[in-house]
Number of protein chains: 2
Amino acid sequence: MEKQTITIYDVAREAKVSMATVSRVVNGNANVKQETKEKVEAVIERLGYRPNAVARGLASRRTTTIGVVIPDVTDHYFAELARGIDDVAAMYHYQIILANSDESDTKELQVLENLLSKQVDGIVFMGNLIDDGIRKEFARADVPIVLAGSVDHVSEQPSVNIDYTTAIGEATTKLLKNGHKRVAFVTGSLDHGINREFKLKGYMNALAVAGVDYDESLVLQGDYDYQSGYQIAALVQDAKATAAVVVNDEMAAGLLNGLTDAGVNVPDDFELITNNNSKIAVMTRPQMSSITQPIYDLGAVAMRMLTKLMNHEELAVKNIILPHGYIDRDSTK
Amino acid sequence: MEKQTITIYDVAREAKVSMATVSRVVNGNANVKQETKEKVEAVIERLGYRPNAVARGLASRRTTTIGVVIPDVTDHYFAELARGIDDVAAMYHYQIILANSDESDTKELQVLENLLSKQVDGIVFMGNLIDDGIRKEFARADVPIVLAGSVDHVSEQPSVNIDYTTAIGEATTKLLKNGHKRVAFVTGSLDHGINREFKLKGYMNALAVAGVDYDESLVLQGDYDYQSGYQIAALVQDAKATAAVVVNDEMAAGLLNGLTDAGVNVPDDFELITNNNSKIAVMTRPQMSSITQPIYDLGAVAMRMLTKLMNHEELAVKNIILPHGYIDRDSTK
DNA sequence: AATCACATTGTAACCGTTTGCAGTTATGCA
DNA sequence: TGCATAACTGCAAACGGTTACAATGTGATT
């Protein structure tokens, strides 16, 4: 037995007004007599009327839905970002369509296509790699798109990030100052622009400033997870590194444990700084020193920015850089 | 300069066919001559036509969107569940609207209301607490709803879970068999049905079987996060417990580190078993023994179940129980 | 009492598809 | 060749709202 869906017509009939008036009441339009308003509201309550957002979206051309493309919800960094996005979205009465992209070009494209066809009012895009296919889709989109925790030095999408280059540079410098000659840089794939164009640069800058030669064998690429970090422990030793800056907490935890299991004492024999200061950083023993990022805020600010864009407001700054910091724990001396 | 949205009319005109035919082509309807089909597809390609999912949703009354209510994306357990859901949803060409509920009644209700008004084709609900308000909304919904990793012994919503009672019971028994007289049960709020009605029961059953008296002071409630676990370390010692079953990896990690920091050696002085076997379980030192749950699968199966329901297929089993296991690591002897 | 501005309400044209039904054309078979 | 049947295709009515614009009602003003 299908439930009878009750529409704005039903309400209008019962309340003896036109559907236009009901629509006004539902949308909080001021031009309705108080008395009428109450009458309509009573009927709405009695009938249990619930506006159909799809019809509304078609008629008004706004869906109060925004699309969020995320590499993987299961990655704590992005989950936290997503949380920031969702919270301010909710605050502005937007709902979120969440789509995992797995950093795969084809999936990203497909996902964007889907979102756009769903007529989302805007998109927050997270991804380490932005290629021409994506850029083309961005250009084709008729809604605003902002990048969160993701950079593209080519296109000029609005974005919210921290200064990755400086952050990594500072961490590297700290290690260098501690006397290390061979500090490794443990990163995700260098195919990802954010790693190659920003983080690696920071690492190299720091080396240059310290007058240390860049040695490619000290740059180790993993794929952001614990396991790959654990495996890199061996590589790091092969490379005779005595310290490392790691771009991601999970990999850092893996590296730390891998080293420890191999009998290397952190921080006495090896110092390590991680990048995200997620809760993982305090779960390991020793706890990990870390660059601190306002991850949640990155998402929140990105979403706030998107609301402005959707509202056709001018942006004071198009590419926002949030401040980062550093917290000293027990993986450094 | 607003971009011109191009509609099915435009395609129809260009291809010199009716919009009905275009619609058929787009939807893969078989009753279209191959030649016509190709002609239309060429025009679609040329014009860059992209069907408007909102209009489609209104006309067809199906949105190919499903709602997912999640306590918190940032909680790895639920994130993993969500990933399972999203993957099979994508497989069946559904998109997901993700809504964080924070386990708050009001937010949950509001979120359900939103989803329903968006005309989602179905809902996967995750939450530790299901009260009458929620149940009423469930009943009022005209789309299928399935519970994932969430139980309600009152209503009879379709659901996918593991046998929490048995799982916790087994873990408790293992500890009891190891000679412990005072094993603590570290849980989330007992206001949450899943804890009180299922997990606690398992703990109590195991005690009963072993002939050990139930001591309320050994039941410690936290709020699922690392910090609360860390604090519980002191309480556990106050209660003179020598072992613990913990319902959540983050709390377990907190407890473990709290204990270690207090000079208690795990597993020699204290044994501990956690519940989710998430990646956190292997990040701690010692690594944690854990009940194993097919978390991803819980989500995947729930979503698969939902597709059947949305398809009006009969369910062989309404309340699915997936198998759990146990993995021995270094927090037990 | 006539007039005017403003507050309120109603009318009806979309929004972009899907889909039942009817019409048209092609095909198979006696 | 004639006709039933199948394969295509088009027409037009929904789907459930929003929103210009028109219409009406109201009290104030002169």
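Below, the structure is looked at part by part. (Residues numbered from 1 in each chain as written. Chains lettered and ligands numbered in written order. Predicted model: local features only at pLDDT ≥ 70, side-chain atom pairs only at ≥ 80, totals over all residues. Heavy atoms only, no water.)

Digging into the pairing of strand E9 (residues 271-274) of chain A
Residues and elements named next belong to chain A. Judged by which residues are buried, E9 turns out to be covered on both faces: Glu 271 and Ile 273 on one side and Leu 272 and Thr 274 on the other are all buried. Here strand E8 (residues 243-246) runs beside E9; their pairing, made up of three bridges, is parallel. Among the inter-strand pairings, Ala 244 is bridged to a residue of E9, identified as Leu 272. With respect to chirality, the unit in which E8 leads through helix H11 (residues 249-261) into the neighbouring parallel E9 is right-handed. (Buried < 20%, exposed > 50% of the residue type's maximum accessible area, 1.4 Å probe, protein only. Helix = DSSP H or I, 4+ residues; strand = E, 2+ residues; numbered from the N terminus. Pairing = 2+ DSSP bridges. Right-handed = clockwise from strand over helix to strand, strands pointing away.)

Side note on H11(A)
Residue and element names in this part refer to chain A. When the terminal C-alpha atoms of H11 are compared, their 18 Å separation across 13 residues agrees well with the 18 Å that a helix rising 1.5 Å per residue should span. Among the 13 residues that make up H11, eleven are buried, leaving the element largely enclosed by the rest of the structure. Taken residue by residue, H11 has Asp 249, Glu 250, Met 251, Ala 252, Ala 253, Gly 254, Leu 255, Leu 256, Asn 257, Gly 258 and Leu 259 as its buried positions. Of the residues one or two after H11, Gly 263 is the one with positive phi, at around 85°. (Expected span 1.5 Å × (residues − 1).)

As for the protein's contact with DNA strand D
If you check the shell around DNA strand D, you find 28 residues, and the closest are Ile8(A), Ser23(A), Arg24(B), Thr36(B) and Arg61(B). The contact in question runs from a base oxygen of DNA strand D to an N or O atom on the side chain of Arg24(B), over 2.5 Å. The separation between a base oxygen of DNA strand D and a polar main-chain atom of Ala59(B) is 3.3 Å. Where the surface near DNA strand D is concerned, the elements lending two or more residues are helix H2 (19-26) and helix H4 (53-60) of chain A together with helix H2 (19-26) and helix H4 (53-60) of chain B. Tallied by class, the residues present in the surface near DNA strand D amount to twelve nonpolar, ten polar and six charged. (Near = heavy atom within 4 Å. Polar contact = N/O pair within 3.5 Å; in protein donor to acceptor, adjacent residues only side chain to side chain. Nonpolar A, V, L, I, M, F, W, Y, C, P; charged D, E, K, R; others polar.)

A look at the sheet that holds strand E4 (residues 145-148) of chain B
Spatially, E11(A)-E5(A)-E4(A)-E3(A)-E1(A)-E2(A)-E2(B)-E1(B)-E3(B)-E4(B)-E5(B)-E11(B) is the arrangement adopted by the twelve strands of the open sheet, whose pairing is mixed. Strand pairing shows two members of the sheet lacking a second neighbour, strand E11 (319-322) of chain A together with strand E11 (319-322) of chain B, which therefore form its edges. Averaged over all pairs of adjacent strands, the angle between their axes in this sheet comes to 25°, without regard to strand direction. In this sheet, strand E5 (residues 159-162) of chain A lies alongside strand E4 (residues 145-148) of chain A in parallel orientation, the contact comprising two bridges. Within the sheet, the bridge partner assigned to Leu147(A) lies in E5(A) and is Ser159(A). (Axes fitted to C-alpha atoms, helices over the stretch in contact; angles between N-to-C directions.)

Observations regarding the environment of Ile70(B)
One can find Ile70(B) in strand E1 (residues 65-70). Residues in contact with Ile70(B), not counting those within four places in the same chain, are Phe78(B), Ala79(B), Ala82(B), Leu98(B), Ala99(B), Asn100(B), Ser101(B), Asp102(B) and Met126(B). (Contact = heavy atoms within 4.5 Å.)

Re the relation of the copies chain B and chain A
Expressed as a screw operation, the relation of chain B to chain A combines 0.0 Å of axial shift with a rotation of 180°, fitting to an RMSD of 0.1 Å. Within this description, the copies of the chain are treated as partners about a two-fold rotation axis. It is Ile97(B) whose C-alpha, among those of chain B, lies nearest the rotation axis, at 2.1 Å. (Least-squares fit on C-alpha atoms with pLDDT ≥ 70 in both.)

Quick look at the protein's contact with DNA strand C
Within the structure, DNA strand C sits among 30 residues, and Ser18(A), Arg24(A), Thr36(A), Ile8(B) and Ser23(B) are positioned closest to it. For DNA strand C, the fraction of atoms within 4 Å of the protein that belong to sugar or phosphate moieties is 59%. Here Ser18(A) contributes a backbone N or O atom positioned 2.8 Å from a phosphate oxygen of DNA strand C. One of the side-chain N or O atoms of Arg24(A) is found 2.5 Å from a base oxygen in DNA strand C. Elements represented by at least two residues in the surface near DNA strand C include exactly H2 and H4 of chain A together with helix H1 (8-15), H2 and H4 of chain B.

As far as function goes, none of this settles anything; it's purely spatial.
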